[in-house]
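# Survey of secondary and tertiary structure
Spelled out from the first residue to the last, the chains are:
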Amino acid sequence: MRDYSRQNKEAWEYNAYDFWVKHSGTPVERAKRDLKNPIGMLKRYSDYFETYQGVKIANICGSCGKKAVPLAILGAEVTVFDISEDNKKYALEVAAAAKVDLNFEVCDILEIDTGKYGNYFDVVFMEGGVLHYFHDIDEFMRIMHSLLKDDGKMICSDFHPFTKISDILSLEQPEMSYFSTEIFEGEMAHARFFDENIREQMPKCSYRKYTISEIINAIIHSGFTLKKFDEHPAWTNEKIPGEFTIVAGKQYEHRKLRTTEYTCEPNSELLNHLDELHTTELGIARIKKNLSLDTDDVVAWCKDKINSPHAAITRRGKNWYINVDDIVITVNAHSYTIITAH
C-alpha cells in the first residue's frame, strides 16, 4: 500500500462507524430508508443506469454503502472497493438488514486484484468526491478501464474542479490555483461535522486535485471512449457548477481496430524502436500481477507481443496502445517506457 493511501486509510477509519450511525442512522434504520425508495436514494445517478437486474457493478470508494445497498436492492451484483474497515462494517450491516448480498473489498484501489476482477464488471461507478485521493489519475483510470468487460461503462461523478479555486461546496478545503499540481494535506470529508477538540486530533488526508482537462485526458488515454459529460449546479449556489458526471465506455471496437489503423505508416515508428523499450521495477511488478505472468523478462515478453503480426498498434496522445491476444500494452511514445499491460 502506498504511503499516502495508508495515510488516507488512517483518516477514514477514525470514528467512521460511529459517524455513520450518528448521521445516517443505525444500519437497520438506514436499510429501511433504502428499501422504501432505492431509486430515490441513488438520486441523480439513477439517470445513468439503463438497468440493474444482474448487472455487475464495481462501486469505487463506495464508503458506507450509501449507493451500493440501493443498487443491490434493485437487483445489481455490487462489489464495493474502499480503504476503510469501518465503512465495510457499516455497509455490510446495512446490507444484512436489507437482506441483500453485498461484496466489500477493503484495499488500496490502485492494488485491486485484477487477476480476480479484471474484465469482470459491466459498470464501474464512483461518486461523491473520489479522484482527489489519488496522486496519479492516469494510473487510476487505467485500473478502472481494466476492471470493465468489453462494452462496459464507467460512471464517474465528482466535485467540479472549480472547487480548487473557491470553496463552492462549503467543504472547508483550501483554495489554490486552478492549474496547481500540488499534493497537500487536508481534513477528511467529515471532519467539519465533529466537535473542535475531536476535529483537531483527526488524521489528515493526502490530496491532489485535478483540472477538467487532466480528468478527461486521463480517461481518453486509458482507452475509454468518452460518451457524456454533464455539469451539475452546486448545492450551495445553483448559478455555478459544483459537480460533474462523465460516462465513458470500454468499446469492443477499441480492441478490433480498422485495418487502415493497423497498417498506417506512423506505427512503424514504434516497431523501429523496439530495442529502446524498457520499464521500471514497478512496471514489471504491475504487468506480472495484471497478467499473472511467469517470466523473468517482462520487457522481452512485451516486445514479442508488440512485434506479432496480429498486433493492432495505435497512438493516442502521449502513448502507444498495442492490442494483441486480448491484451492491451501501453507504451509511452516519447521515452518508450512500457507503462502497463492488462
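Presented here is an overview of the structure given in this document. (Residues numbered from 1 in each chain as written. Predicted model: local features only at pLDDT ≥ 70, side-chain atom pairs only at ≥ 80, totals over all residues. Heavy atoms only, no water.)

### With respect to the environment of Lys 303
Checked against the element boundaries, Lys 303 lands in helix H14 (residues 298-306). Here Lys 303 falls in the partly exposed class, since its relative accessible area comes to 23%. Between the C-alpha atom of Lys 303 and that of Tyr 321, which follows or precedes it by 18 residues, the distance is 13 Å. (Helix = DSSP H or I, 4+ residues; strand = E, 2+ residues; numbered from the N terminus. Buried < 20%, exposed > 50% of the residue type's maximum accessible area, 1.4 Å probe, protein only.)

### Notes on the pairing of strand S11 (residues 319-324)
One face of the sheet, then the other: side chains in a regular strand alternate in exactly this way. Within S11, six of the six residues are buried, leaving the element largely enclosed by the surrounding structure. When strand S10 (residues 312-316) meets S11, the two strands line up antiparallel, connected through five bridges. Directly across from Ala 312, in S11, lies its bridge partner Asn 323. Between S10 and S11, which follow one another and run antiparallel, lie two residues, and Gly 317 among them has a positive phi close to 65°. Hairpin connection from S11 to strand S12 (residues 327-332): two residues lie between these consecutive antiparallel strands, with Asp 325 at a positive phi of about 50°. (Pairing = 2+ DSSP bridges.)

### A look at the pattern of salt bridges
Opposite charge on two side chains permits pairing when their charged atoms draw close. Applying the stated criterion across every chain yields a total of 15 salt bridges. Where Glu 187 meets Arg 199, a salt bridge forms, and the shortest distance between an N and an O atom there is 2.7 Å. With Glu 187 in strand S6 (residues 183-187) and Arg 199 in helix H9 (residues 196-199), this pair connects stretches of sequence that are twelve residues apart. With a relative accessible area of 13%, Arg 199 lands in the buried category. (Salt bridge = Lys/Arg side-chain N within 4 Å of Asp/Glu carboxyl O.)

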